[in-house]
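Residue-level structure breakdown
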Amino acid sequence: MHLPNPAPIDAAPVLAWYDSHARNLPWRVSPADRAKGIAPDPYRVWLSEVMLQQTTVAAVKTYFLRFTSLWPTVFDLAAAPLDAVLKEWAGLGYYARARNLHACAEAVVNQHGGVFPTSSAALQTLPGIGAYTSAAIAAICFDEEIAVLDGNLDRVLGRYYALPVPVREAKDELRAALQASVPKRAGDFAQAMMDLGATICAPRTATCMLCPIQPGCIATKTAAPTVYPLKPAKPEKPVRKGHAFVMTDADGDVYLQTRPDKGLLAKMTEVPTSDWVSALPPVAYPASGDWRHRGQVIHVFTHFRLELEIWSAAVAPAGLDRGWWAEPSALKGEALPTLFRKVLAAAGLE
DNA sequence: AAAGCGGGGTT
DNA sequence: AACCCAGCTTT
């Protein structure tokens, strides 16, 4: 046990702070409207929460507006082809989220009549909805009195209790301490604590004099509150190298194909590449042509750094039957991850 | 329990 | 250039 008998957080000043300092977000019902009995739309809250998994608010906003414009209800999203969803998700990353999002929409429509379940336990059985997201939806939409523990709260609680070990080693204890603090306004409390972590108790700075829970905070009494939460040592990122081949035909169309069903960037659109390995392999062109080297693209993933040599050529289409030829003007609408947009840009397209 | 899985905003 | 984000799923 790292937190013997932790004191609960006093929710009252947190809610009072939220009433006057809540962020204005496209998927959020303001605390004033919530007090009038206006409830959030579970579809919009769910969509925003999935987009926000490991992704910043700033990056999500435009995607959220685009999705809700194209597909205003869960019925619309469930009826859309997965392909269309992947195209709209392109650039946001973690593409398994988009596949699970579509599967979840289908499950809500086909198994729940288009109505989202109202308990965190039921929500968590749906694709792409785990411990955090189920709690967030249940609290925000239905005021279920449940602890909503995300990366912000890891930091806020790690500091509040001056947690002496990395969060991963005390997750259950933090959740229990938070659970003991949840008030009736559970949804506003969850959002308030996340806003607190995003604005006052930020990763590199803590503006403790403005913090509504400073009185009980242990870290603020120390010389350097931001040393919490303690971080585990990070492993070094390996480098992988390879070649990417941008081919055009006589019409100037570009050769594209779909990535495999599983693994990195699954089912997304790409141009052909070599394997990505630690030592740059000899170049093996996928078709004959006047190949030109177009420089290098560097792209950093979560668990490795990728360095691709970019080659382009006009080729005869014979033997290329796995993919398709796309007009350059149509590239914008393809399900191209950022990596391959960089590759096409290096080859003079896009 | 650990690994795999993107990309960009912020500092 | 490092850090880290409203985490989930698979192994």
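Below you will find a few notes about this structure. (Residues numbered from 1 in each chain as written. Chains lettered and ligands numbered in written order. Predicted model: local features only at pLDDT ≥ 70, side-chain atom pairs only at ≥ 80, totals over all residues. Heavy atoms only, no water.)

Within chain A, the regular secondary structure consists of 13 helices and 6 strands. In terms of principal-axis extent, the alpha carbons of chain A reach across some 70 × 50 × 30 Å. Considering chain A as a whole, with its 350 residues, one finds that 48% of them fall into the buried category. Across chain A, contacts joining residues at least 24 apart in sequence account for 69% of those joining residues at least 6 apart. If the 34 positive side-chain charges of chain A are averaged to one point and the 33 negative ones to another, these points end up 6 Å apart. (Helix = DSSP H or I, 4+ residues; strand = E, 2+ residues; numbered from the N terminus. Buried < 20%, exposed > 50% of the residue type's maximum accessible area, 1.4 Å probe, protein only. Contact = heavy atoms within 4.5 Å. Lys, Arg positive; Asp, Glu negative; His and termini not counted. Charge placed at Lys NZ, Arg CZ, Asp CG, Glu CD.)

In this structure the tally under the stated criterion is 13 salt bridges. We note a salt bridge from Arg259 to Glu270, for which the minimum N-O separation is 2.8 Å. Placement of the pair is Arg259 in the loop between strand 2 (254-258) and strand 3 (269-270) and Glu270 in strand 3, with a sequence separation of 11 residues. Taken individually, Arg259 and Glu270 each receive the classification buried, so the pair is uniform in this respect. The closest approach of N and O atoms between Glu270 and Arg322, which form a salt bridge, is 3.8 Å. With a gap of 52 residues between them, Glu270 in strand 3 and Arg322 in the loop between strand 5 (305-314) and strand 6 (324-326) connect regions that are remote in the sequence. The buried category is assigned to Glu270, whose relative accessible area is 5%. Note on Arg322: relative accessible area 52%, which makes it exposed. One network of salt bridges, with partners in common, ties together Asp19, Arg185 and Asp188. (Salt bridge = Lys/Arg side-chain N within 4 Å of Asp/Glu carboxyl O.)

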